[in-house]
Amino acid sequence: MQVLKVLELFFLQPLVWLGLLRSYLTARQRVNYERHHFRSAINARYVEVRHFVLDGILFGIATSIISLALGLVVAPVWVVIYELLAVISLVAIPFALVPVTVFGLSWLIYWSFSPQLTTVGGALQRYGVTTTSMSGGLLINGLVLLALMLAGTALLLRRHAQQGNSPQLRPDQRGKRIVRYRWQQLLVLPVAVLVPGDWLHATFSWWPVFMVGQRSFSILLLPLLVGASVQVYKQLPQVAWRLLAKHYGSVAVIALGLAIISRFAALSPQWLLLLIGIVVVLTWGILAQHRYHDRHQQFRFSDTDQGVRVIGIRPQTPAAKLNLGLGDVILECNRQPVHTEAQFYAALLTSPTYVHLKVRNLQQELIITETAIYDGAPHELGIVLFTDQED
């Protein structure tokens, strides 16, 4: 019964529902855009919401096991600061840098509340505002939580790399249409952490308290933001997402290594706060490097006069069985040259149950591919091309 009450308090927190709402709006915006520009959704399921729920539970259980095994302790005041910042940021600013930035900023604000470390904390204490006592152990635990957050983002990027294959049409500086691919996923993980003292028990009399030696602790499910919002114009999206996942994983290993070193080095809270800041800056750096690398590629997903370019493939359609990749150019359909979307579908109608394609891939190799299609439904082939109309 007490476990259910702990879960109940987690689901009563605004951050959980705001994160779910944001995932829903992201999914609805994607599906509506695809239906408007490409006649039907590439993936009509709201996968962002599905992953928010299922991956949130799965990753939350795994992270909670690690957290409790390591005995990660957090301060109640920091939890309040973190959740307030997370709620404000999800409403007010773009999502790309939200999780790691909110996490780092929450520790900086928490540090300012300590009267032993800053004049701000002392002034607040004189006016009767509750202050904090920051210890090195709490900050080391913060580094571990940051490592878990980054590792979770890396796993998400690798696990759902296919999710970022939804094209969005954009004009370049010369007005020519190009394609952007965006990967967006947000989770709010229920991470079990320890809270010292009977702070929660004093507020909720039913809250379970247990003793470890001479100290009392409560268990709290911390809503930890995990995720990213990244985009590419000139790279194959799945390749870019996997490379970014590798970089996130590297920074997670660095954060964990710093936490282990700090455990034995007896660093001051100021130095530990600086280490958290370094990990945050490193995360910003890999996102900046990702954008720089994408801008300096030679290829881009643009419209072409020589054939029709593939910019999307709907799953579980005949197109998924063709040997096609994003960026490939279809030169012939059913042995007829095609240069527009209308010509492509007109050529499809010449063979109502089978399609034969001549394609030039990104390696400039000519390939032949063919498959059966739905009788009398050429638009259900599942290949997404540049539309003939300007959007």
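Definitions and limits used
- Residues numbered from 1 in each chain as written.
- Predicted model: local features only at pLDDT ≥ 70, side-chain atom pairs only at ≥ 80, totals over all residues.
- Heavy atoms only, no water.
- Axes fitted to C-alpha atoms, helices over the stretch in contact; angles between N-to-C directions.
- Helix = DSSP H or I, 4+ residues; strand = E, 2+ residues; numbered from the N terminus.
- Parallel < 35°, antiparallel > 145°, perpendicular 65-115°, else oblique.
- Left-handed = near helix turned anticlockwise from the far one by under 90°.
- Nonpolar A, V, L, I, M, F, W, Y, C, P; charged D, E, K, R; others polar.
- Contact = heavy atoms within 4.5 Å.
- Core = buried A, V, L, I, M, F, W, Y, C linked by side-chain atoms within 4.5 Å.
- Buried < 20%, exposed > 50% of the residue type's maximum accessible area, 1.4 Å probe, protein only.
- Expected span 1.5 Å × (residues − 1).
- Patch = residues over 30% accessible without salt bridge, like charges linked within 9 Å, V, L, I, M, F, W, Y side chains within 5 Å.
- Areas by Shrake-Rupley, 256 points an atom, 1.4 Å probe, with all protein chains shown as cover.
- Salt bridge = Lys/Arg side-chain N within 4 Å of Asp/Glu carboxyl O.
- Phe/Tyr/Trp six-rings, centres within 6.5 Å; stacked < 30°, edge-to-face > 60°.
- Polar contact = N/O pair within 3.5 Å; in protein donor to acceptor, adjacent residues only side chain to side chain.

Engineer: Whenever I open this one, the packing of helix α7 (residues 136–159) against helix α9 (residues 237–265) confuses me. Can you help?
Structural biologist: Think of two packed helices as two axes; the pair is described by the angle between the axes and how far apart they sit. It is the contact of α7 with α9, at a shortest axis distance of 8 Å, that shows an interaxial angle of 165°. Viewed along their axes, α7 and α9 adopt a mutual orientation that is roughly antiparallel. Between α7 and α9 lies a crossing of left-handed hand. Residue composition of the contact of α7 with α9, by class: 18 nonpolar, 4 polar and 3 charged.

Engineer: I'm lost on the packing of helix α4 (residues 76–92) against helix α5 (residues 98–112) in this one. Help?
Structural biologist: As a packed pair, α4 and α5 sit with axes 9 Å apart at the nearest point and diverge in direction by 140°. With respect to each other, α4 and α5 are oriented oblique. For the pair α4 and α5, the sense of crossing is right-handed. Judged by residue contacts, Val77, Trp78, Ile81, Tyr82, Leu85, Ala86, Ser89 and Leu90 of α4 engage Val98, Val102, Phe103, Leu105, Ser106, Trp107, Ile109 and Tyr110 from α5. Residue classes in the contact of α4 with α5 are distributed as 14 nonpolar, 2 polar and no charged.

Engineer: In this structure, what is going on with the nonpolar core? I would like to understand it.
Structural biologist: In a soluble, globular protein the nonpolar side chains are often hidden away together inside. Trp78 and Leu145 are the most contacted members of the largest nonpolar core, which totals 86 residues. Looking at this core, the element that brings in the most residues is α7, giving 14 residues. When near neighbours in sequence (up to four residues on either side) are disregarded, Trp78 contacts Phe103, Ser106, Trp107, Tyr110, Leu145 and Leu222. By size, the runner-up hydrophobic cluster in this structure holds 20 residues, among which are Val308, Cys333, Ala347 and Val359.

Engineer: Sorry, what's going on with the side chain of Glu48 here?
Structural biologist: Of note, Glu48 is situated in helix α3 (residues 47–70). Classification of Glu48 by relative accessible area gives buried; the value is 4%. Each residue touching Glu48, except ones within four places of it in the same chain, is listed here: Ser23, Thr26, Ala27, Arg30, Gln163, Gln184 and Gln185.

Engineer: Can you help me understand α5 in this one?
Structural biologist: Because each turn of an α-helix spans 3.6 residues, side chains separated by three or four positions end up pointing in the same direction. For α5, built from 15 residues, the straight-helix expectation of 21 Å at 1.5 Å per residue is met to within 8% by its first-to-last C-alpha distance of 21 Å. Within α5, the full set of buried residues consists of Val98, Pro99, Val100, Val102, Phe103, Gly104, Ser106, Trp107, Tyr110 and Ser112.

Engineer: How should unusual backbone geometry be read in this particular structure?
Structural biologist: Glycine aside, residues mostly have negative phi angles, and peptide bonds mostly take the trans form. For Arg39, which is not glycine, the phi torsion reads 75° and is therefore positive. Here Arg39 shows up in the loop between α2 (14–38) and α3. Classification of Arg39 as partly exposed rests on a relative accessible area of 49%. Phi at Asn334 is positive, roughly 50°, even though this residue is not glycine. In this fold, Asn334 is placed in the loop between β6 (329–333) and β7 (336–337).

Engineer: Would you take a moment to explain a nonpolar patch on the surface for this structure?
Structural biologist: Taken together, Ile254, Leu267, Trp271, Leu274, Ile278 and Leu282 make up a surface patch of nonpolar side chains, about 520 Å² in accessible area. A total of 4 residues in the nonpolar patch trace back to one element, the largest contributor, which is helix α10 (residues 269–295). Here Leu282 is to be found in helix α10. Of the residues examined, Leu282 reaches a relative accessible area of 33% and is grouped as partly exposed.

Engineer: Looking at this model, I keep getting lost on the pattern of salt bridges. Mind explaining?
Structural biologist: Where charged atoms from two side chains of opposite charge approach closely, those side chains can pair. The full count for this structure, using the stated rule, is 5 salt bridges. The shortest N-O distance in the salt bridge between Glu34 and Arg30 comes to 3.4 Å. Here Arg30 and Glu34 lie together in helix α2, a separation of 4 residues that amounts to about one turn. A relative accessible area of 1% means that Glu34 is categorised as buried.

Engineer: Any chance you could explain the packing of aromatic side chains here in plain terms?
Structural biologist: We describe a pair of aromatic rings using the distance from one ring centre to the other and the angle between the two ring planes. Here the structure, examined in full by the defined rule, presents 11 aromatic pairs. Seen in terms of ring centroids, Trp78 and Tyr82 are 5.3 Å apart; in terms of plane orientation they differ by 20°. Their pairing is stacked. Of this pair, Trp78 and Tyr82 both sit in helix α4, 4 residues apart, which is roughly one turn of that helix. Trp78 gets classed as buried once you look at its relative accessible area, which sits at 0%. With a centroid separation of 5.2 Å and an interplanar angle of 80°, the aromatic rings of Phe344 and Tyr345 are classed as edge-to-face. Ring-pair connections join several aromatic residues into one group, and the members of that group are Trp78, Tyr82, Phe103, Trp107 and Tyr110.

Engineer: Is there a simple way to explain the environment of Arg159 in this structure?
Structural biologist: Take Arg159: it is sitting in helix α7. The class for Arg159 is partly exposed, based on a relative accessible area of 48%. In the structure, Arg159 is positioned 83 residues away from Arg242 in sequence and 9.1 Å away in space, judged by C-alpha atoms. If we ignore the near neighbours within four places in the chain, the residues touching Arg159 are Asp55, Leu58 and Phe59. Within the local environment of Arg159, its side chain forms a polar contact with the side chain of Asp55, the two groups lying 3.2 Å apart. Among the polar contacts made by the side chain of Arg159, one reaches the side chain of His160 at a distance of 3.4 Å.

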